[in-house]
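Residue-level structure breakdown
One letter stands for each residue in the lines below.
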Amino acid sequence: MAQRQFRIAKSARANGVMLEWLKRHAWKACNRQKRFGSSNLPHSALFLKHANAHPRASVFFYLKDMEQGYIHIYTGNGKGKTTAAFGLAIRALCAGKNVAIGQFVKSMKYNETKAEALFNGANPDFGRLHIEQLGYGCCLDRMPDERDRQSAKDGLAVCRQWLRSGEWDVVILDELTIATSMKLLSVDEVLDLLSERNPATEVVITGRYAPQQLIDAADLVTDMQEVKHYYAQGVLSRPGIDR
């Protein structure tokens, strides 16, 4: 049922929420690029020329040309899921895209979070980076309690704002599937969240135990499987390599 509702929601929003967001996005693009000649208008501005006359048709006209965002899932028991997501984030930032990262089940700031200081204001050609921890301490080695559940729900609300706003080109939901596997969030809640995103926003979900419903909803799924790990030799997590 949740999967069916997710698909219906995506279709239903095409004529309403998406149209309004695209109009707002068009003006932002025009103001940013300072181009108003017809041959130089960004796709979002060209869309505006058609939006008022034919709202339904214009949505699909625009979708043909706009940069559509997709849903990635990096799952599996192998090392590298968060690492891959941060690698994508660096690539997007260097291309001028804004990136928001929400880290579920985590309250500790690992070394990769220092990237905020490198990108924000360092170069006008880079995008902006925002990283936020959305967990109440690590609950992987204990039974989660109401504080963990509330932190996850509060984090989901924060991510919903990011996904709706159009401000962030890439939103990374780190360890989200750990939150669902530990029953801090339901899969239906996550599917509802994804159905509300702006159409151009790229979403990356990381974590073990990705449920089949999320895999079905995604456009790209990578299953990272451990073949060999130095942890089995007693090598603990090392700063700069593993954290």
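What you are looking at is a predicted structure, and each value in this text was computed from that prediction instead of being measured.

1. Some words on the overall build of the protein
Helix and strand counts for the protein stand at 10 helices and six strands. Looking at the protein residue by residue over its 243 residues, the buried ones come to 44%. Partitioning the contacts of the protein with sequence separation of at least 6, the portion at a separation of at least 24 is 78%. Of the roughly 13,300 Å² of accessible surface on the protein, a fraction of 53% belongs to carbon and sulfur atoms.

2. A look at unusual backbone geometry
In this structure, Val105 is a non-glycine residue whose phi angle is positive, near 60 degrees. Within the secondary structure, Val105 is located in the loop between strand S2 (99–103) and helix H6 (115–119). A relative accessible area of 9% means that Val105 is categorised as buried.

3. Remarks on the environment of Gln133
Along the polypeptide, Gln133 turns up in strand S3 (residues 129–133). Judged by relative accessible area, Gln133 falls into the buried class, the value being 17%. A C-alpha to C-alpha distance of 9.6 Å links Gln133 and Thr113, two positions 20 residues apart in sequence. Those residues in contact with Gln133 that lie beyond four places of it in its chain are Gln103, Lys106, Ser107, Met108, Lys109 and Thr113.

4. A closer look at the layout of surface pockets
A volume near 1,300 Å³ is recorded for the largest pocket. Lining the largest pocket we find 35 residues, and of these Lys106, Tyr110, Glu175, Ser237 and Asp242 sit closest to its centre. Counting only elements with at least two residues in the lining of the largest pocket, the list comes to helix H5 (81–94) and helix H8 (176–181). Take the lining of the largest pocket: its biggest share by element is four residues, from H5. Here the residues of the lining of the largest pocket are counted per class, giving 15 nonpolar, 11 polar and nine charged.

5. Concerning the pairing of strand S5 (residues 202–206)
With respect to burial, S5 is a largely interior element, five of its five residues being buried. Going residue by residue along S5, you find Glu202, Val204 and Thr206 tucked away on one face and Val203 and Ile205 tucked away on the opposite face as well. Direction of pairing for strand S1 (residues 71–75) relative to S5: parallel, over a ladder of four bridges. Bridge pairing in S5 places His72 opposite Val204. Summarising the sheet, strand S4 (residues 170–174) and S5 pair through four bridges and their orientation is parallel. Looking at the pairing, Val170 lines up with Glu202 of S5.

6. Focus: H5
Here H5 spans 20 Å end to end across 14 residues, near enough to the 20 Å set by a 1.5 Å rise per residue. Buried within H5 we find Lys81, Thr82, Ala85, Phe86, Ala89, Ala92 and Leu93. Projected down its long axis, H5 shows its buried positions confined to an angular sector of 125 degrees, all on one face. Pointing more than 90 degrees away from the buried face of H5 are the exposed residues Thr83 and Arg91.

7. A short note on the side chain of His72
By the secondary structure assignment, His72 is in strand S1. Residue classification places His72 among the buried positions, given a relative accessible area of 10%. Here Tyr74 takes part through its side chain, which lies 3.4 Å from a polar atom of the side chain of His72. Contacts of His72, omitting those with residues within four sequence positions, involve Leu88, Glu202, Val203, Val204, Ile205 and Leu220.

8. Here we look at the nonpolar core
Side chains that are nonpolar tend, in soluble globular proteins, to be buried together. One finds Phe104, Leu173 and Ile205 to be the most contacted residues of the largest nonpolar core, which totals 31 residues. Of all the secondary structure elements, the ones that give two or more residues to this core are S1, helix H7 (146–165), S4, H8, helix H9 (187–195), S5 and helix H10 (212–217). Excluding residues that lie within four positions of it along the chain, Phe104 makes contacts with Leu134, Ala152, Gly155, Leu156, Cys159, Leu173, Asp174, Glu175, Leu176, Ala179 and Leu185. Counting 16 residues, the second-largest nonpolar core is a separate cluster that includes Phe86, Leu93, Phe119 and Leu129.

9. A word on the pattern of salt bridges
Enumeration according to the criterion identifies 10 salt bridges in this entry. Lys106 serves as the salt-bridge partner of Glu175, at 3.8 Å between the closest nitrogen and oxygen. Here Glu175 is found in the loop between S4 and H8, whereas its partner Lys106 is found in the loop between S2 and H6, with 69 residues between them in sequence. When its relative accessible area of 18% is taken as the criterion, Glu175 is described as buried. Across the pair Arg160 and Glu196 runs a salt bridge, and its minimum N-O distance is 3.1 Å. Note that Arg160 is positioned in helix H7 and Glu196 in the loop between H9 and S5, a separation of 36 residues in sequence. Salt bridges sharing partners connect three or more residues here, namely Lys79, Arg238 and Asp242.

Reading the values: rules and limits
Residues numbered from 1 in each chain as written. Predicted model: local features only at pLDDT ≥ 70, side-chain atom pairs only at ≥ 80, totals over all residues. Heavy atoms only, no water. Helix = DSSP H or I, 4+ residues; strand = E, 2+ residues; numbered from the N terminus. Buried < 20%, exposed > 50% of the residue type's maximum accessible area, 1.4 Å probe, protein only. Contact = heavy atoms within 4.5 Å. Areas by Shrake-Rupley, 256 points an atom, 1.4 Å probe, with all protein chains shown as cover. 1 Å grid on protein atoms, 1.4 Å probe; cavity = no way out; pocket = protein on both sides within 12 Å on 5 of 7 lines; lining within 4 Å. Points joined across faces, edges and corners; volume = space filled by probe spheres on them. Nonpolar A, V, L, I, M, F, W, Y, C, P; charged D, E, K, R; others polar. Pairing = 2+ DSSP bridges. Expected span 1.5 Å × (residues − 1). Arc of directions from axis to C-beta. Polar contact = N/O pair within 3.5 Å; in protein donor to acceptor, adjacent residues only side chain to side chain. Core = buried A, V, L, I, M, F, W, Y, C linked by side-chain atoms within 4.5 Å. Salt bridge = Lys/Arg side-chain N within 4 Å of Asp/Glu carboxyl O.

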